Amino acid sequence: MMALLNQGCPGKCFLQQKNNYQMLKAVESSGISKKFGPTIALDNISFSVNESEIFGFIGPDGAGKTTLFRIITTLLLPDEGEMSVLGMDSTTDYKELRKNIGYMPGRFSLYQDLSVEENLNFFATVFGTTVEENYELISDIYSHIEPFKKRLAGKLSGGMKQKLALSCALIHKPRLLILDEPTTGVDAVSRSEFWDMLGKLRKYNITIIVSTPYMDEAIRCDRVALIQNGEILSIDTPQNIKAGFSRKLFTVKSAEKYKLIKTLRKNPEILTAYPFGDSIHVTLNNNTLDNSLYEYLVREGIGDAVIMEAEAGIEDRFLELMEKDNGITNKA
């Protein structure tokens, strides 16, 4: 496939020759790198996304997710590497690709001085279609905000803005939908509704690539990629990523959480100690829990500690991979 692309065969030519694009990868990235001055945003990124898959990118701010999404959507050129999107070259076939990609950036970017209805009609017109033609695709989403279709977009709540942005990204019936942290700042109920809507899009064979900081959303993806400092640390199903955690994990709770974590990090037998909600997630150098940890905490004035073995989550595995990638084991 890449050979044909490199010879200048446009995406439509490729699809006509093969006539079986449903068997292609939706996205194939090989050695993608991008710098902004001295800052390395992406470093030799390689991955593939299957058609009709919900593929998630998990990583902190500054990990490179948005830069990567802008390359996939043809808004940025990579410095190195090759990327095929929907069987087309992301750098030379950008005009055709933009007709087939829906993009919802992290920041609300619709026209705030236009109404809900006007925004949707505008984007439909830009892509040469109508709301009526593709209404079935957005009906489950748009029905939540249709009663407010005359309201200015800038006056909508966070959850309603999210649904309008998704409707506008879908109105031209794209084959690939890119969502950059679409639920950040939205209440838990709206987040759950949003992901229910994404699940319903499967019947339209739309491939979805999404970034999220929420682990309860990550587990709803078919596969996830953990990304940090412009590098992919791991790609697998959520369950397999959690299963990859290499040590026993323990949760430690106390009424004095701040004192507890400082005390744990002073103990040479503690390998890592990270705050998670109301507890501290701990791994031990010898990987075995005995009474010595309880006794240590009592000597340090923490007599109410509750220690239990726990199942590792995606965040635990992510932190473990970050430590290995940095060549350190710390308690920070």
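Here's what I pulled together on the structure shown here. (Residues numbered from 1 in each chain as written. Predicted model: local features only at pLDDT ≥ 70, side-chain atom pairs only at ≥ 80, totals over all residues. Heavy atoms only, no water.)

Now for the overall build of the protein. On a plain count of helices and strands, the protein comes out with 13 helices and 14 strands. For the protein, the spread of C-alpha atoms along the three principal axes comes to 70 × 50 × 40 Å. Of the contacts made within the protein by residues no fewer than 6 positions apart, 70% connect residues no fewer than 24 positions apart. Accessible area of the protein: about 16000 Å², with a carbon and sulfur share of 49%. (Helix = DSSP H or I, 4+ residues; strand = E, 2+ residues; numbered from the N terminus. Contact = heavy atoms within 4.5 Å. Areas by Shrake-Rupley, 256 points an atom, 1.4 Å probe, with all protein chains shown as cover.)

A word on the packing of helix α5 (residues 116-126) against helix α7 (residues 158-170). Between two packed helices, what matters for the description is the angle formed by their axes and the separation of those axes. It is the contact of α5 with α7, at a shortest axis distance of 8 Å, that shows an interaxial angle of 20°. With respect to each other, α5 and α7 are oriented roughly parallel. Relative to α7, the crossing made by α5 is right-handed. Where α5 approaches α7, its residues Val116, Asn119, Leu120 and Phe123 are matched on the opposing element by Leu164, Ser167 and Cys168. Partitioned by chemical class, the residues of the contact of α5 with α7 number 5 nonpolar, 2 polar and no charged. (Axes fitted to C-alpha atoms, helices over the stretch in contact; angles between N-to-C directions. Parallel < 35°, antiparallel > 145°, perpendicular 65-115°, else oblique. Left-handed = near helix turned anticlockwise from the far one by under 90°. Nonpolar A, V, L, I, M, F, W, Y, C, P; charged D, E, K, R; others polar.)

This part takes up unusual backbone geometry. With phi around 70°, Ser52 is a residue other than glycine that occupies positive phi space. Note on placement: Ser52 falls in the loop between β2 (39-50) and β3 (54-58). Backbone geometry at Asn287 places phi at a positive 65°, although glycine is not the residue there. Of note, Asn287 is situated in the loop between β13 (279-284) and α12 (291-299).

It is worth spelling out the environment of Gly62 at this point. For Gly62, the position within the fold is in the loop between β3 and α3 (65-72). On the accessibility criterion, Gly62 (72% relative accessible area) is exposed. A C-alpha to C-alpha distance of 29 Å links Gly62 and Phe250, two positions 188 residues apart in sequence. (Buried < 20%, exposed > 50% of the residue type's maximum accessible area, 1.4 Å probe, protein only.)

With that settled, consider the environment of Ile227. Position of Ile227 relative to the elements: it lies in strand β9 (residues 223-228). Here Ile227 falls in the buried class, since its relative accessible area comes to 0%. Other than its neighbours up to four places away in sequence, Ile227 contacts Leu42, Ile45, Phe57, Ile58, Gly59, Pro60, Ala63, Gly64, Lys65, Ile232 and Phe318.

Before going further, it helps to examine the packing of aromatic side chains. According to the stated counting rule, one finds 7 aromatic pairs in the structure shown. Taking the centre distance of 6.0 Å and the plane angle of 25° together, the rings of Phe47 and Phe55 count as stacked. Of the two residues, Phe47 and Phe55, both sit in the buried class. Geometrically, the ring pair formed by Phe57 and Phe69 is edge-to-face, given 5.8 Å between the ring centres and 75° between the ring planes. In this pair, Phe57 sits in strand β3 while Phe69 sits in helix α3, placing the two residues 12 residues apart along the sequence. Taking relative accessible area as the criterion, Phe57 reaches 0% and is therefore assigned buried. One aromatic cluster is present, formed by Phe47, Phe55, Phe57 and Phe69 through successive ring pairs. For Arg191, the ring lying beneath its charged end belongs to Tyr214, and the centroid distance is 4.0 Å. (Phe/Tyr/Trp six-rings, centres within 6.5 Å; stacked < 30°, edge-to-face > 60°. Lys NZ or Arg CZ within 6 Å of the ring centre and 35° of its normal.)

Read these as layout, nothing more, since geometry by itself doesn't imply function.
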